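# Results of the structural survey
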Amino acid sequence: MTETYSKPVERETGAPGMPREMALEFRGSAREYFRIWIVNLCLTLLSFGVFSAWAKVRKKRYFYSHTILDGTPFQYLAQPVPILKGRVVAAVLFSIYYASSHYFTSVMPYVLAAGMVLAPWVIVRSAAFNARYTAFRNMNFNFDGRYRDALKTIYVWGLIPVLVIGTMFQWGGNYYAAAGLYAIFGLAFPWWLKRFKNFIISHTAFGGQNGEFSATGGQFFKIYFMAGVILMAAGVIAGLLGTAVISAMHKSTYAILLLTLPVYAGYVLAFGYIQAGTSNLVWNRTRLGPLHFESTLRGRGLTKLYVTNALGIIASAGLLTPWAVIRTLKYRVDHMRVRNEGDLADFNGSATTAVRATGAEVGEFFDMDLSL
C-alpha cells in the first residue's frame, strides 16, 4: 500500500527573501507502532536475537517514513544483513569486555587501552553509517569526519586518557588525585561536550552543505550548573524533612523514605532540565545551508512526559512501551521548527559509497549517544 502525503503547508509566509517556516510533523500512531513492536519482540526472542537486525530496520523505517518535513518523508535505507554482521562483532567485543571485568581482571587494563584506541573509530563509523543511510528527497546525508579528528576531539586536554590509565592501575592508592581529576573533568565536561557536538555537526552534510554549530562551552556549563542547583535544593529539602521526622517520631525508617523521595524527584527534574536545555541549545545553534532550527522543549514538560511514560510502562508490564515511544517522538517534533532562508534547490546530490554497519552497532551496544 502506498502512502500519500499532503501538499506542503507553510505555517507562516512573509515578504520575498524572508525566512519561511517549513511544516514538520510526526504522523506515527501508537496502534500502528504496537503491531511493529510486538512482532519485532516476538521474532527477536524466538530467533535468539538474530531477528533484531530486521527489527531495527522495520522500526527505523516506520519512524523515518512518518516524520514529514515540508510534505516529504525521511527515508531509512539500511539493510538488515550488514547490521546483523555488525551486531555479531559488537557482541564479541562486549563479551571480551564483560569477561575481563568479571573473570579475567588481570587483562582488564589491556582491554581498556584497546577500547581507548577503538572508541574514535566507533564514533566515526557510527556517525558515517547513520548519515549514509538517512535520506530526504532521495538525497543521502553524509559524514566526513576522520579517525584523527575524533581522536583529537574526545581526548582533548588528555583528561580521559589519564582517568582511564588511573583506573587501569587503581590510582596507585592516591585517591585524592583520582577525586581531583574526576572533579576537573566534571567541570570541563560542558566544554568537552561542546567540542564533541561541533565535531558531529560540522562533519555532517546534506546536498553538499555542511552543518555549522555556534554554541559555546559556557552555555552548556550554565545548563549543567542549574541542574546542579536543582539537585542541591532537593538534597536540602530531603535533609530538612529527614531531620524533622527523626526529631518528631524518632523513627529512621520514615526519615529514609522522606530522604529518598525528594532526592529522586530532584534527579528526575534535573535530568529533564538537562535534556531539554541541551537539545534546545544544540538545535538552536545549528545551521545547515539555508536551514536553521528552533527547539522549544521545556524541562518541566519533558520531565512530566518521562514520568508518565515510566508509570504507564510499569503499570502495563511493558505493553505501553510503543505508546511511550510515540508520545516522546511527537512531543519532540511538536516543539521543533525548521526555517528556510533560501531554496531547497541549493542542496545538490553527491556521490555516496557503502558504509559498514560494524561501527554503528558497536556504538549502540556500548550505549554511545551520537544524536543531536
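The paragraphs below set out a description of the structure included in this document.

Ring pairs (aromatic) are described by centroid distance and by the angle formed between their planes. According to the stated counting rule, one finds 24 aromatic pairs in the structure shown. Look at F185 and F189: their rings are 6.1 Å apart centre to centre, the planes differ by 65 degrees, and that puts the pair in the edge-to-face class. Of this pair, F185 and F189 are both found in helix α7 (residues 175-202), four residues apart, which corresponds to roughly one turn of the helix. Relative accessible area serves as the criterion here: at 24%, F189 is assigned to the partly exposed category. Ring centres of F221 and F225 lie 6.1 Å apart, and the angle between their planes is 25 degrees; this geometry places the pair in the stacked category. Residue F221 and its partner F225 are located together in helix α8 (residues 217-249), separated by four residues, close to a single helical turn.

We now examine α7. Taking 1.5 Å per residue as the helical rise, α7 with its 28 residues ought to reach 40 Å, and the 38 Å between its terminal C-alpha atoms agrees with that figure. The largest bend along α7 reaches roughly 50 degrees and is located at A188, with the proline P190 sitting one to four residues downstream. What α7 keeps buried is the set A178, F185, A188, P190, W192, L193, F196, K197, F199, I200 and I201.

The subject of this paragraph is unusual backbone geometry. Located in the positive-phi region is R137, a residue other than glycine, with phi close to 55 degrees. Its location among the elements puts R137 in the loop between β6 (134-136) and β7 (139-143). Residue classification places R137 among the partly exposed positions, given a relative accessible area of 37%. A positive phi angle is found at N138, which is not glycine, with a value near 65 degrees.

Turning our eyes to something else, we now look at the pattern of salt bridges. Pairing of side chains with opposite charge becomes possible as their charged atoms draw close. Tallying each qualifying case throughout the model produces seven salt bridges. Between R339 and E294 there is a salt bridge whose closest N-O contact spans 3.0 Å. With R339 in strand β12 (residues 336-340) and E294 in strand β11 (residues 291-295), this residue pair connects regions lying 45 residues apart in the sequence. Accessibility expressed as a relative area gives 18% for R339, which makes it buried.

What counts, and at which threshold
- Residues numbered from 1 in each chain as written.
- Predicted model: local features only at pLDDT ≥ 70, side-chain atom pairs only at ≥ 80, totals over all residues.
- Heavy atoms only, no water.
- Phe/Tyr/Trp six-rings, centres within 6.5 Å; stacked < 30°, edge-to-face > 60°.
- Helix = DSSP H or I, 4+ residues; strand = E, 2+ residues; numbered from the N terminus.
- Buried < 20%, exposed > 50% of the residue type's maximum accessible area, 1.4 Å probe, protein only.
- Expected span 1.5 Å × (residues − 1).
- Bend = angle between axes of the 7 residues up to and from the residue.
- Salt bridge = Lys/Arg side-chain N within 4 Å of Asp/Glu carboxyl O.

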